[in-house]
Amino acid sequence: MIAKKKMDDYNWPDLYRQADEFMRQYIPETMIHTRYRLLFDGRPAVTVHFPAKGHKQELDLLQKKACFRRIRGTTVNGVRLVYANIYFTTDGSRIYGEEEETLK
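Residues numbered from 1 in each chain as written. Predicted model: local features only at pLDDT ≥ 70, side-chain atom pairs only at ≥ 80, totals over all residues. Heavy atoms only, no water.

### Notes on the environment of Cys67
The condition that has to hold: Labels follow the DSSP assignment, with helices taken as runs of H or I lasting at least four residues and strands as runs of E lasting at least two, numbered in each case from the N terminus.
With respect to the helices and strands, the residue Cys67 is situated in the loop between α2 (56-63) and β4 (68-76). For the pair Cys67 and Thr89, spaced 22 residues apart in sequence, the C-alpha to C-alpha distance is 9.0 Å.

### Structural notes on the pairing of β4
Here is the rule we go by: Here, strands pair whenever DSSP counts at least two bridges between them.
Looking at chain direction, β4 and strand β5 (residues 79-87) are connected through eight bridges and run antiparallel. Bridging from a neighbouring strand, Val76 pairs with Val79 of β5. Between β4 and β5, which follow one another and run antiparallel, lie two residues, and Asn77 among them has a positive phi close to 50°.

### A closer look at the nonpolar core
Heads up, the condition is: Buried residues of nine kinds, namely Ala, Val, Leu, Ile, Met, Phe, Trp, Tyr and Cys, make up a nonpolar core once their side-chain atoms join them within 4.5 Å. With a 1.4 Å probe rolled over the protein chains alone, any residue whose accessible area is under 20% of its type maximum counts as buried; one over 50% counts as exposed, and the rest are partly exposed.
With 22 residues, the main nonpolar core has Phe22, Met23, Val46, Phe68 and Ile86 as its most contacted residues. Elements that contribute at least two residues to this core include exactly α1 (12-24), β3 (43-51), α2 and β5. No other element matches α1, which puts six residues into this core.

### With respect to the side chain of Arg43
Note the threshold: The charge count treats Lys and Arg as positive and Asp and Glu as negative. His and the chain ends do not count. Should a side-chain nitrogen of Lys or Arg be within 4 Å of a carboxyl oxygen of Asp or Glu, the pair is scored as a salt bridge. Any pair of residues with heavy atoms lying within 4.5 Å of one another is described as a contacting pair.
Relative to the assigned elements, Arg43 resides in strand β3. The side chain of Arg43 is buried and forms no salt bridge, while Asp41, the nearest opposite charge, is found at 4.9 Å. Ignoring any residue separated from it by four or fewer positions in sequence, one finds Arg43 in contact with Leu38, Tyr87, Phe88, Thr89, Thr90 and Tyr96.

### Remarks on the pattern of salt bridges
Inspection of every chain in the model, using the stated rule, returns five salt bridges. A salt bridge links Asp8 to Arg37, with the nearest nitrogen and oxygen atoms 3.4 Å apart. Residue Asp8 is found in the segment before α1, and its partner Arg37 is found in the loop between β1 (31-32) and β2 (38-40); the two are separated by 29 residues along the sequence. With its nearest N and O atoms 3.0 Å apart, the salt bridge here joins Arg17 to Glu21. In this pair, Arg17 and Glu21 both sit in helix α1, four residues apart, roughly one turn of the helix. Assessed through its relative accessible area of 39%, Arg17 is described here as partly exposed. When its relative accessible area of 45% is taken as the criterion, Glu21 is described as partly exposed. Among the charged side chains, a network of salt bridges with common partners joins Asp14, Arg17 and Glu21.

So, in structure tokens, the structure goes:
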């Protein structure tokens, strides 16, 4: 496969949808940041955030996955929010690290 190099080469609505489906398996309250487009090491990434309270076990599980990287946290109106990036394969077809599971 040919690696995509430009931001506009990716199907961003599909990436947002994939990230939303992936995160809702763990934390239904996840918000997807659809106005951000990121490339990291040649891979597209989608930024998400969710409330930290009540999701410690899910966060610990997600942090062990290759596709998830916690980037920061903030408090808004007394609610602690966790911000993270979800990374995809270089061609943007699947979530990074999850391709082994989907191919079985």
